[in-house]
Protein chains: 2
Amino acid sequence: MSPSAIDVEAVTDTSGVTLPDPLSAPIKSNDILGRRRKTEKGQWGIAAPSNTVNFRQKSYEHKPKARRWDHYASPEALNRKGNSLKGAVKYLSRPGLISLGGGLPSSTNFPFEELTIKVPAVGHFSEAETRDSGVTITVGKHDLANEKAIFDIGTAFNYGQGSGSAQLLRWITEHTELVHKPKYQDWACTMTIGSTSALDMALRMLSRPGDMMLSEEYTFSAAVETALPLGVRMASVPIDDEGLLPDELDRILCTWDANVRGGRKPHLLYTVPTGQNPTGATQSAPRRRAIYAVCQKHDLFILEDEPYYFLQMQPYTGAHAPDVPPPTSHAAFLDALVPSFLSLDTDGRVMRLDSFSKVIAPGSRVGWITASQQIVKWYQTHADVSTQGPSGASQLLLWKLLDTHWGHAGYLDWLLYLRVEYTARRNVILAACEKYLPRAIVSWRPPMAGMFHWMRVDHTLHPDFPAKSIETIEEEIFLRVIECGALVMRGSYFYADKEAVHGDMFFRATYAAAPAERIDEGIRRFGEALRLEFGLDPNGKNGQ
Amino acid sequence: MSPSAIDVEAVTDTSGVTLPDPLSAPIKSNDILGRRRKTEKGQWGIAAPSNTVNFRQKSYEHKPKARRWDHYASPEALNRKGNSLKGAVKYLSRPGLISLGGGLPSSTNFPFEELTIKVPAVGHFSEAETRDSGVTITVGKHDLANEKAIFDIGTAFNYGQGSGSAQLLRWITEHTELVHKPKYQDWACTMTIGSTSALDMALRMLSRPGDMMLSEEYTFSAAVETALPLGVRMASVPIDDEGLLPDELDRILCTWDANVRGGRKPHLLYTVPTGQNPTGATQSAPRRRAIYAVCQKHDLFILEDEPYYFLQMQPYTGAHAPDVPPPTSHAAFLDALVPSFLSLDTDGRVMRLDSFSKVIAPGSRVGWITASQQIVKWYQTHADVSTQGPSGASQLLLWKLLDTHWGHAGYLDWLLYLRVEYTARRNVILAACEKYLPRAIVSWRPPMAGMFHWMRVDHTLHPDFPAKSIETIEEEIFLRVIECGALVMRGSYFYADKEAVHGDMFFRATYAAAPAERIDEGIRRFGEALRLEFGLDPNGKNGQ
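As the structure is a prediction and not an experimental result, all values here were calculated from the model. (Residues numbered from 1 in each chain as written. Chains lettered and ligands numbered in written order. Predicted model: local features only at pLDDT ≥ 70, side-chain atom pairs only at ≥ 80, totals over all residues. Heavy atoms only, no water.)

> Explain the pairing of strand β4 (residues 187–192) of chain B here, please?
One face of the sheet, then the other: side chains in a regular strand alternate in exactly this way. All names here are of chain B. Counting buried positions along β4 yields six of six residues, so the element is predominantly enclosed. Side chains W187, C189 and M191 of β4 all project onto a buried face; the interleaved residues A188, T190 and T192 project onto the opposite face, where all are buried too. Of the pairings in the sheet, the one linking β4 to strand β12 (residues 367–372) comprises six bridges and is antiparallel in character. Of the residues in β12, the one forming a bridge with W187 is S372. (Buried < 20%, exposed > 50% of the residue type's maximum accessible area, 1.4 Å probe, protein only. Helix = DSSP H or I, 4+ residues; strand = E, 2+ residues; numbered from the N terminus. Pairing = 2+ DSSP bridges.)

> Help me understand the relation of the copies chain B and chain A, please; the structure alone is not making it clear to me.
Note that the two copies of the chain are related through a rotation about an axis and a translation along the same axis. Mapping chain B onto chain A calls for a rotation angle of 180° and an axial translation of 0.0 Å; the resulting RMSD is 0.0 Å. Read as a symmetry element, the transformation amounts to a two-fold axis. When each C-alpha of chain B is compared by its distance to the rotation axis, T116(B) comes out closest, at 2.4 Å. (Least-squares fit on C-alpha atoms with pLDDT ≥ 70 in both.)

> Whenever I open this one, the packing of aromatic side chains confuses me. Can you help?
Residue and element names in this part refer to chain A. A full pass over the atoms with the stated rule returns 50 aromatic pairs over all chains. For the ring pair Y60 and W187, a centre distance of 5.6 Å and an interplane angle of 75° mean the geometry is edge-to-face. Placement of Y60 in the loop between α2 (32–36) and α3 (75–78) and of W187 in strand β4 (residues 187–192) is noted, with a sequence separation of 127 residues between them. Exposure remark for W187: the relative accessible area of 0% places this residue in the buried category. When the centroid spacing of 6.2 Å and the interplanar angle of 40° are considered together, the rings of W171 and F356 count as tilted. One end of the pair, W171, is in helix α7 (residues 166–180); the other, F356, is in the loop between β11 (350–355) and β12 (367–372), and 185 residues separate them in sequence. (Phe/Tyr/Trp six-rings, centres within 6.5 Å; stacked < 30°, edge-to-face > 60°.)

> Please explain the UniProt feature "domain: Aminotransferase class I/classII large" (unreviewed entry) in chain A as it appears in this structure.
Here, the residues flagged by UniProt with the feature "domain: Aminotransferase class I/classII large" (unreviewed entry) are residues 148–526 of chain A. Counted over residues 148–526 of chain A, helix gives 41% and strand 16%. Its end C-alpha atoms are 55 Å apart. (UniProt positions renumbered as here; feature names shortened; annotations may be inferred.)

> It is not clear to me how the sheet that holds strand β13 (residues 442–443) of chain B should be interpreted in this structure. Could you clarify?
Residues and elements named next belong to chain B. Taken together, four strands build an open sheet; the order of strands is β13-β14-β17-β16 and the sheet is antiparallel. Of all strands in the sheet, those with a lone pairing partner are β13 and β16 (489–490), marking the two edges. Two elements, β13 and strand β14 (residues 452–457), share two bridges in a ladder whose sense is antiparallel. Paired with S443 across the bridge in β14 is R456. Helix α16 (residues 392–436) contacts β14 and β17 (505–510) of the sheet and is inclined by roughly 20° relative to β14. Its contacts with the sheet place helix α17 (residues 470–483) against β16 and β17, and it is angled at close to 35° to β17. (Contact = heavy atoms within 4.5 Å. Axes fitted to C-alpha atoms, helices over the stretch in contact; angles between N-to-C directions.)

> Any chance you could explain the domain arrangement of chain A here in plain terms?
Much of the literature gives interface size as the accessible area that the parts lose upon coming together. All names here are of chain A. Each domain of chain A was delimited in the assignment, giving domain 1 (39–104 + 159–313 + 341–390) and domain 2 (437–534). Here the C-alpha centroids of domain 1 and domain 2 sit 33 Å apart. If you look at the interface, domain 1 gives 23 residues, while domain 2 gives 19 residues. Between domain 1 and domain 2 the total buried area reaches about 1,700 Å² when both faces are included, carbon and sulfur atoms providing 63% of it. Per-residue buried area on domain 1 facing domain 2 is highest for Y218, P278 and M313; these three make up 34% of the total on that side. (Domains from an automatic or database assignment. Buried area = accessible area lost by both parts, 1.4 Å probe.)

> What should I look at first to understand the pattern of salt bridges in this one?
Opposite charge on two side chains permits pairing when their charged atoms draw close. Applying the stated criterion across every chain, the model contains 58 salt bridges over all chains. In this structure, K468(A) and E476(A) form a salt bridge, with 2.8 Å as the shortest nitrogen-oxygen distance. For K468(A), a relative accessible area of 29% puts it in the partly exposed group. Here D250(B) and K297(B) are joined by a salt bridge, their closest N and O atoms 2.9 Å apart. Taken together, the residues D250(B) in helix α10 (residues 246–254) and K297(B) in helix α12 (residues 285–297) connect sequence positions 47 residues apart. What makes D250(B) buried here is its relative accessible area of 19%. Within the structure, one salt-bridge network assembled from shared partners comprises R288(A), E304(A), E306(A), R352(A) and D354(A). (Salt bridge = Lys/Arg side-chain N within 4 Å of Asp/Glu carboxyl O.)

> Quick question: what am I supposed to make of unusual backbone geometry here?
For residues that are not glycine, phi is negative in most cases, and the peptide bond is trans in most cases. All names here are of chain A. Following N277, the chain continues into P278 via a peptide bond in cis, with omega recorded as 15°. Positionally, P278 belongs in the loop between β9 (268–271) and α12 (285–297). In this model, F465 is joined to P466 through a cis peptide bond whose omega is 5°. Topologically, P466 is positioned in the loop between β14 (452–457) and α17 (470–483). Backbone geometry at A47 places phi at a positive 55°, although glycine is not the residue there. Along the chain, A47 falls in the loop between α2 and α3.

> Mind showing me how you'd approach helix α7 (residues 166–180) of chain B here?
In this model, α7(B) (15 residues) spans 20 Å end to end at C-alpha, consistent with the 21 Å of a helix rising 1.5 Å per residue. Where α7(B) ends, the next residue or the one after it, K181(B), has phi of about 40°, a positive value. (Expected span 1.5 Å × (residues − 1).)

> What exactly am I supposed to notice about the pairing of β14(A) here?
All names here are of chain A. The buried fraction of β14 is high, at five of six residues. As paired elements, strand β13 (residues 442–444) and β14 share three bridges and run antiparallel to each other. Residue W444 lies in a different strand from β14, and its bridge partner there is M455. Inspection of the sheet shows β14 paired to strand β17 (residues 505–510) by six bridges, in the antiparallel sense.

> Whenever I open this one, the confidence of the model for chain A confuses me. Can you help?
Do not read the fine detail of predicted coordinates wherever pLDDT is low. Here chain A averages 91 in pLDDT, and 92% of its residues register 70 or above. Below a pLDDT of 50 lies the segment residues 1–26 of chain A, which in the model reaches 62 contacts outside its immediate sequence neighbourhood of four places, other chains included. (pLDDT = per-residue confidence, 0-100.)

> I would appreciate a short explanation of the packing of α10(B) against α12(B) in the present structure.
Helix packing geometry: the angle between the two helix axes and the distance between the axes. Residues and elements named next belong to chain B. With their axes 9 Å apart at the nearest point, α10 and α12 run at an angle of 15° to one another. Comparing their axes, α12 and α10 come out roughly parallel. Two packed elements cross with a definite hand, and for α10 against α12 that hand is right-handed. Here α10 contributes P246, L249, D250 and C254 to the contact with α12, which in turn contributes R287, A290, I291, V294, C295 and K297. Looking at the contact of α10 with α12, its residues break down into seven nonpolar, no polar and three charged. (Parallel < 35°, antiparallel > 145°, perpendicular 65-115°, else oblique. Left-handed = near helix turned anticlockwise from the far one by under 90°. Nonpolar A, V, L, I, M, F, W, Y, C, P; charged D, E, K, R; others polar.)

> Is there a simple way to explain the sheet that holds strand β10 (residues 301–305) of chain B in this structure?
One key point about sheets: their strands pair by backbone hydrogen bonds, in either a parallel or an antiparallel sense. All names here are of chain B. The sheet built from seven strands is open, its strands ordered β4-β12-β11-β10-β9-β5-β6 with mixed pairing. Sheet topology places β4 and β6 (233–237) at the edges, where each strand pairs with a single neighbour. Pairs of neighbouring strands in the sheet enclose a mean axial angle of 25°, with direction left out of account. Examined bridge by bridge, strand β9 (residues 268–271) and β10 share four bridges and lie parallel to one another. Along β10, the bridge assignment pairs T271 with E304. Strand contacts of α7: β4, β11 (350–355) and β12, with the helix running at about 130° to β4, the strand carrying the most contacts. Contacting β4, β5 (212–216), β9, β10, β11 and β12, helix α8 (residues 195–206) crosses the sheet at an angle of about 160° to β11.

Structure below.
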C-alpha cells in the first residue's frame, strides 16, 4: 500500500463522507454527517438486514403516504413470503449469541486477503490524470473486525440480503434524496443487479400474461424482449422531439377497447424520459408534468427507466459557436437537470430504475430502484430467492470509491465531468453529420441527453420505394453501411409493437463508445453508404 | 506493483494455465495447453459472444446426443427469441469495422485504472500463510489492447453476454470436463449469478403454475420459497441416511393421482445429492444410479443442485481415533469424490448447478450450469434479458485467481485444502456433540459432506408431548437455545411440503461459520437448552 493510500483511508473512512466540494455545497445542508452518526453498528455485519429508511436525512412525517398497489399485483407477488432463513438473522443481534444457524461459510476460507484499486482523485478524472495522479485504496479482509472500516472483504464477499449491503445502500439512499427530493412519506431504495433485471422483476410483480404495457413507439428493444415471453405486449404511444405525447397517451387510454386490443386496459407505463433509447429524446419538465397527470387520471403505475439521467449535456450551439460553460456549483448542476418522475411523484406511483452502468461501469451489475415501501418490499422479497443482492466485489469497489473516497460532492463532480465529456462526444457526431450526411435525405435533432443520435432517413426518396417496403430498404441500407465499414442500428429493431404501422425510417448511432476520430470516420462511411443506396453523387457534400 | 506480482504475471498469463501440480497430473492428459492454442482472439473482446463447446478438450462426436425437452418447456421459454441487439455483435468481427451500433460506454470513462488482489500461493492456502506469503496480482485497464493479458478492466467492466465472459467460461468448461467427464455429445456450460437465481430461472423455463416438483422431504427452504410463488409446490420424497429413496420416488410416481395430488404427474426432481441441506446426507454412487434409473423410467428432468460437492470430507473416525490421511494425488482426490448425476447422465436429463459460493466466496455471485445445449441456450436467452452475466468485477477476480494464478491443478489443491479444513470443522462439532448432548434424546450421523450437522431430537420424551405438537415443542426449544446464547435452525424450516405429516423433530447446526471454540461452546449451550426443556439433570453428561 502506498503512503497516499494510507492518507486517503485516514481522512475519509468510516467517520462519514468526505466533503471536498470544490464547487459549492448543497450537500452540507443535508446534514449527512450529523445523521450518519446515528446509524446502528449491527447493520454492517455479514448478511445483516438494513433499512433504507434509516439513511434518509430529512423528515417525511408530514408528507402523504404512497398509494397501495395490491390491485395491480401479480399472483406471484402476492404469494411471496420471503426467505425464512434470512428472517432468522433477527436473532443475531442478541449480544454474545453464537450462531450455528445460517449456512454462511467462514471468511477464513475466502482466498482474498487484500483488494486494491487505483481510481481518479476528485477533479482529476481523465484516464491520463488517473494514470499520473490516481489514488490507491486498499481494502483488507477483516477491516470491520479490526475497526479500520465498516466494510471489508470478509463481509462483502459473504452472503448478503436481497437489498444489497447497508454500506452501499446508505450512500445510494442519500444520493437519491439529494438529487430527487422525494415528495411522499414512505419512499425507499433497494439495490438491483442492473435495470434489465429490475424490469424483468417489475413485470413479474405487476403484470399478468395477456397484459399490455404502454411505452414510446420506439423503445429499448431489450425491454420488449423482456416483456414478450412473459405474455406482455407493448402498447405503443406516439412521440415527438420531446418524447412521449401525453395527449396521445390519454387518447389511447380513453378509447381503449379490450376486444380490439386483445388485452385489458394497461396499468403500466414504461418510459425512458431522458435521452431515450433509441430516439435520444428528453422529456421537458412541463412534458413530464403533463404525462404524470395523465397517469394519475388513468391510475397508471410508471416504470421510470433512467440509465441516462446524468448523461444530460450542455446545449448544442452548433459546430462553430462557442460552448455554453458548464454549471459552476453543485446546486447549479442539480438545477440544470430535468426533474425526474420520482421528484414529481406525490402518489408513490413511480418505480424509478437507476443504474451505475452508464455513470461508473456496466460490468458492476449494480443498480437500484426507488419506490414506495410496498413495492420495494415486494422487490426485496423476490430478490432474496432469485437474484439476491449484487456482487459483493462490485459493492465493495463502488462503496470504496463513492463513499470513502469521492463522497457525494466528489461524485457530483464526476457526473459533471461526464456531462462535459458526453457534450464533447455529442458535438463530434453532430459535426460529422453536418459534414458528411446528405441533408436532402437525412434529418435529425441534436440530442440533449444520453448516448444516442437518431437520424431520420427519407425512404420516399429511395429509388426502390414504394416497390420495396421501408423494412426492406432499411435492411439494404444497414448491410450497405456494414459493407462501407461502419455499424449503425436499424430503427425497426426498436419498434415497441412490431405489428403497428411505421411510416418513417430511422437509424441509431451512438457517440458513447468510439474515440472522436472513429466517430467522424464512421459517420463518413454512413454517408457514403446512403449516397450509394440513394443513387446520389458519391462526392456530394452536405445537402446534396 | 511488487516484483513478485510481475513474476507471476510473466509466467502465468495468457499463454495458458499454470500446471504447478505438486501432487500428480491427470490434468496434463487433458491437453489443455494444446487445445487452448486453437481458440480465436475475437471472443476476448467487449461483449463478445463465446461458445463453451470451443473450450471442451475431448472429442464427443461418438457419444449420444441429449434428448430434447420441448415437451417440458414453459410458454415463456418457448417464446424467447433472445436479445436482438446482442445479435448484432456478429457483424463486429468484420476487420476494420467502426461500430456506432451498440450502446456500450467507452472504458475511458470507467473510473478504475488498476485492480490488485493479494491471494494465497498454491500450497500455502491458510489466512496466516496468505498474509505472509500471499501473491499480489494486478490487472490493468487496457491489458487486452496492450497484449499483456486476454482480460482486463476495460473488457470485464463493460457489458457482457448472458453466458458470462469467454475468459472465465473457458476455465469453467475445462474444470467441469476434468471433474465430471460428461457422457453425452452436446453438453455445455453457461454462467449464472448464483444457484438461487439458476433455480428460479430453471423453474420459469421448465414448469407451469400448478406443477409439482419432487424433492427430499426436508429440503433447502429457499428452493421451496422460490417455487411456491411461481405456483410450483414440492412433492416430498422420503429419505434415509443416504438421502432420497429411489423406491419411494418410483412408488410416488407409479401411484400418482393428479386429482388427489392437485397437480399433474411431476417431471422435475430437485435434489442436493451431496451434503444435502439441511440433512447433511450424501447419496452414495449406487444410490445415485438407482435414482437416475427411476428418473429415466418416468422421464424426469433432474435439477442437481451441488454447492457442497467439493465439501466432501475424509471419513469420520471418532473423537479419539487418528484421521484418515487425505488423497495424495489429483487423480486420487477426484476418484474419492462421489460421482455426480452429470457424470452418470447419458440422456442429457440433468441440469447441474455449480457455484463458487462455498468454495471461493458467496459474494462473488458467480456460478454456472452444465446441461444440454438446448437447455443452456434457453438459459442464456433468458439471462440476456434479465440477470445478464455475473458482475465483471467478480469474473475478473475469479479469472485472475483461477486461470492465471492457480491453474486447474492449483485449484484442485485448494479444494483438497478445503476438504481437510471442513473435515476438521466437522470433527469439532461431532466431538462437541459427543461431549455435551444428552444422547438419550439426541441422535445423529456424522455428515460426509457439506456444511450441516442434522440432529434428531426425540420429541416423545418431552414432558409436554403429546399435549403439544412437534412444531410447538420445536419452537420452544428453538427459543430456549437462543436464551442460552446459541442459534440453531429448526427442522420444520426445511419441510418440502408443509402440509405433509412429519413424525420427527430435527435441528440443524452448521460447522462452516464459527471458529472451533465457538462451535464447541455453541453446542454446549444447545445441550444446556435441551436439558432444561426436557427436564434433564443440567449437569448431566453425555448419555444422560
